[in-house]
Amino acid sequence: MSDRAATPKTASERPPTRRRRSRYEGDVPREHYLNVAYGLKSWLFTIDHKRIAILYLLSITAFFALGGLMAVFIRLELLTPAGDLMTSEIYNRVFTLHGVLMVFFFLIPSIPAVFGNFFLPMMVGAKDMAFPRLNLASWYIYSLGGVFTLAAIVAGGVDTGWTFYTPYSSTYSNSAVALTAIGVFINGFSSIFTGLNFIVTIHKMRAPGMTWMRLPLFVWANYAAALIMILGTPVVAMAIFLVAVERLFGVGIFDPALGGDPILYQHLFWFYSHPAVYIMILPSMGVMSEVIACFSRKRIFGYGFIAASSLAIATVGFLVWGHHMFVSGQSIYASMVFSVLTMLVAVPSAVKVFNWLATLWRGSISFETPMLYAFGFLGLFTVGGLTGLYLGTLATDVHLHDTYFIVAHFHYIMVGGAVMGYLAAVHFWWPKMTGRMYSEWWGRLSAGLLFIGFNLTFFPQFLMGYMGMPRRYHFYPEEWQVLNVLSTAGASILGLGYLIPIIYLTYSLRYGPIAGPNPWRATGLEWTTASPPPQHNFEQTPVVTEEPYDYSKPIVNDLPAPGAGAEPKPSPAAPRS
Amino acid sequence: MSQQHGPVTAAVMTGTMPDMPDHDGPLQHHFDDMAQQNESSALGMWLFLLTELMFFGGVMTAYAVYRYLFNAAFAEGASHLDVRLGTTNTIILIFSSLTMALAVRAAQMDKRKLLVGLLIATMLFGGAFLVIKGIEYAHKWEAGHVPGAYFHYEGPLANHVHLFFSFYFTMTGIHALHMVLGIGWMAWLVLRSARGDFGVGYYAPIEMTGLYWHFVDIVWIFLFPLLYLFGAGAAAGH
Ligand code: HEM
Ligand SMILES: [Cu+2]
């Protein structure tokens, strides 16, 4: 395949260069992607990747809120040892919905669909994603999947857990499994389309001079995540499809009474769902690389290692699914292999952590909000990853499986890691997306609250789990009440930490100070254009002449004068019309 | 900006991208040239087929597991399939792949009428396949071999034969669904071809549809021996 980046093109049509100043009132560009058109239609039919990102931002926030509400119910129920707030039937539906919404409708789309959509084309210097209409379609598919899942709630909810284990889900459960399964199935295609768009965009749409080794690490991370999306998602789609078929027609694929094998479902499910945990964490790791380099004012340490470790995670991540099935009766030899491979997959994650630490070392670190979240990620992800090793060890997992230890482990990674990274991204790129700064004071406050609230919520769960408290029960022996009360108290702080940003970010849309093109003095093409960016991202196609993360040069909060790049090339990609 | 980008901006807003050959040509606004656009759609299509491969791979894995576990029952189930109809369908599909490949060639050579004719031929072959498949399904229904509440089968292996038929219907059903989508898409291409959208300079949609169609055929080439031929030996004893 020919490498577009390697062929700087010459072109005849060059847009008439206008004086840059004439385009601004103060520092806000006169025309940008937000004000080129108004009205609902201009949003619902947009194929601008930036507007689609905003559509996703709004929808995933809504699902996050709904999933969060379910968490509130869970924590309230667990405040007391007795199951007094709701029945087991309701409790099962509540935690299932919490998991389904958070995993499939918030965390998997979160960073790729919002920040990947918005910034990936800008970071490679393209005008849009390779397939803009497919991109819009992915949002509609996501919404359709959401509608089915919401319909399932109205139809009485689901009680299988987000993992839909058979034969309970396929034969016995008296809840709206089929509707939910169809919702998750449909939603999978939005993920596939996003991933497909990413890969093609990265291969084919890079600006002249944007070689592979000059790609921002956020792009590398999303590339790796996209590989998992297109290779893994269809398999879980098939597994869930078979569950739906089985439920609707009772054919017996997973029903032992009819000769089926329920464990086969677990294999198919985890073949996707373990790699899927990396769909959630890899993009966050990409954000980490951007934020840590920027707020240490240092070139990232070990660029090649970080890029390669993303690919290593994507590859080895496909080979460890059996660690979810150590006690399900799979062959002990299979378990041993999966255990070793699980240890192996921790290595590339650790490579990243050490490279970030090395980047911090002797950097001129400052503590703006995005950086606080990045520090949060660093600590919490490390705890989550290290406890993963306890679970990957066969003997200890027999004790810890299906206890609160698991719950704590994956929340440290998915909330402490992935969501912290997501919030770092929100705060890092908010000025670029909206053109406005938010209140730094409130930003730091809520980052602090989140860190404290998070640990208070989930650290006690490690202890409960270690003491043997099983997950997915709504009552428990009294000896665990203290830890549960701590956890619920932490959850209230956590909730507050999520609410505050919604308020000050919304406030900033109108009253925030003008950000300017590059408020953080960051490197990367997305910072070389106005905030908010113009409809086609750049006034002229950028030409990349330097390595990424060159923080040794002076960077100002302004646009480069037209044609003042290191190589004043004529714009090769003048619009056609 | 709106002065420079007038029509494109308008098109972005209404969601109708210059897909049709107006003065802009088929080049979309965000690509530099046709080569870039064509390479992108080709890569996109191959990646899509990769996901399809994983999708069918999932169900074929499940099938392989059960066929290994319940070999005798699966052979018995397979012996109830109609190898003659299956073979006919295989031949029909191979011919549809031929006409599809020729259609791409016709588009490249700017032969509009031939292109339309070949696309319609491909659709007819596809349609014939579906009709025969329908006949087979009807036979299964009459024989009580459709899984679910109406499944009826005598014999010690009945449960696992049920499983075989579950896979038979799931796999051929998903495959048929892919064919229906392909045929529907081709109908749209026939309209566009008749309008003269495609020619030497622009035939990517035909080419991509061709890739998809060949893929669907290849899936059948795997399903046919997996499901039908497996039971052929046992059928002799029936
Ligand atoms: C990188 C991000 C990671 C995420 C998002 C993640 C997420 C999860 C989730 C969701 C589960 C629970 C599934 C369930 O039972 O419902 C889980 C379990 C597990 N995780 Fe992780 N994990 C990550 C990293 C790791 C690492 C680095 C390791 C090991 C080195 C690991 C080892 C395990 C094991 C062994 C289990 C199964 C425990 C059991 O059910 O007995 N995880 N993880
Ligand atoms: Cu896992």
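Residues numbered from 1 in each chain as written. Chains lettered and ligands numbered in written order. Predicted model: local features only at pLDDT ≥ 70, side-chain atom pairs only at ≥ 80, totals over all residues. Heavy atoms only, no water.

(A) Focus on the coordination of the copper ion (ligand 2). Distances from the copper ion (ligand 2) to its protein donors, His-274 of chain A (ND1), His-323 of chain A (NE2) and His-324 of chain A (NE2), fall within 1.9 to 2.0 Å. A gap of 4.4 Å separates the copper ion (ligand 2) and the iron atom of ligand 1. (Donors = N, O, S within 2.8 Å, 3.2 Å for Na, K, Ca; no water.)

(B) A look at empty space enclosed by the protein. Residue and element names in this part refer to chain A. Applying the stated criterion across every chain yields a total of 5 cavities of 30 Å³ or more. For the largest cavity, the calculated volume is near 170 Å³. Ile-108, Asn-187, Gly-188, Ser-190 and Ser-191 are, among the 19 residues lining the largest cavity, the residues nearest its centre. Taken together, the elements giving at least two residues each to the lining of the largest cavity come down to helix H4 (110–123), helix H7 (177–204) and helix H8 (217–249). If you tally residues by element for the lining of the largest cavity, the top one is H7, at 7 residues. For the lining of the largest cavity, the per-class residue count stands at 13 nonpolar, 6 polar and no charged. (1 Å grid on protein atoms, 1.4 Å probe; cavity = no way out; pocket = protein on both sides within 12 Å on 5 of 7 lines; lining within 4 Å. Points joined across faces, edges and corners; volume = space filled by probe spheres on them. Helix = DSSP H or I, 4+ residues; strand = E, 2+ residues; numbered from the N terminus. Nonpolar A, V, L, I, M, F, W, Y, C, P; charged D, E, K, R; others polar.)

(C) Representation of the coordination of the iron atom of ligand 1 within the structure. Inspection of the coordination sphere of the iron atom of ligand 1 shows a single protein donor, His-409 of chain A (NE2), at 2.2 Å. With respect to the helices and strands, His-409 of chain A occurs in helix H14 (residues 404–434).

(D) Just the confidence of the model for chain B, in detail. Residues and elements named next belong to chain B. Mean pLDDT for chain B: 85, with 86% of residues reaching 70 or above. Under a pLDDT of 50 for its full length, residues 1–24 has, in the predicted model, 52 contacts with residues more than four places off or in other chains. Per-residue pLDDT stays below 50 along residues 234–238; that stretch engages in 5 contacts with residues further than four places along the chain or on separate chains. (pLDDT = per-residue confidence, 0-100. Contact = heavy atoms within 4.5 Å.)

(E) Spotlight on the site of ligand 1. All names here are of chain A. Taken together, 22 residues lie near ligand 1, and Asp-397, His-401, His-409, Ile-413 and Arg-471 sit nearest. Separating a nitrogen atom of ligand 1 from a side-chain N or O atom of His-409 is a distance of 2.8 Å. Secondary structure elements with two or more residues in the shell around ligand 1: helix H9 (262–296), helix H11 (332–360), helix H12 (369–392) and H14. Grouping the amino acids of the shell around ligand 1 by side-chain chemistry returns 13 nonpolar, 7 polar and 2 charged. (Near = heavy atom within 4 Å. Polar contact = N/O pair within 3.5 Å; in protein donor to acceptor, adjacent residues only side chain to side chain.)

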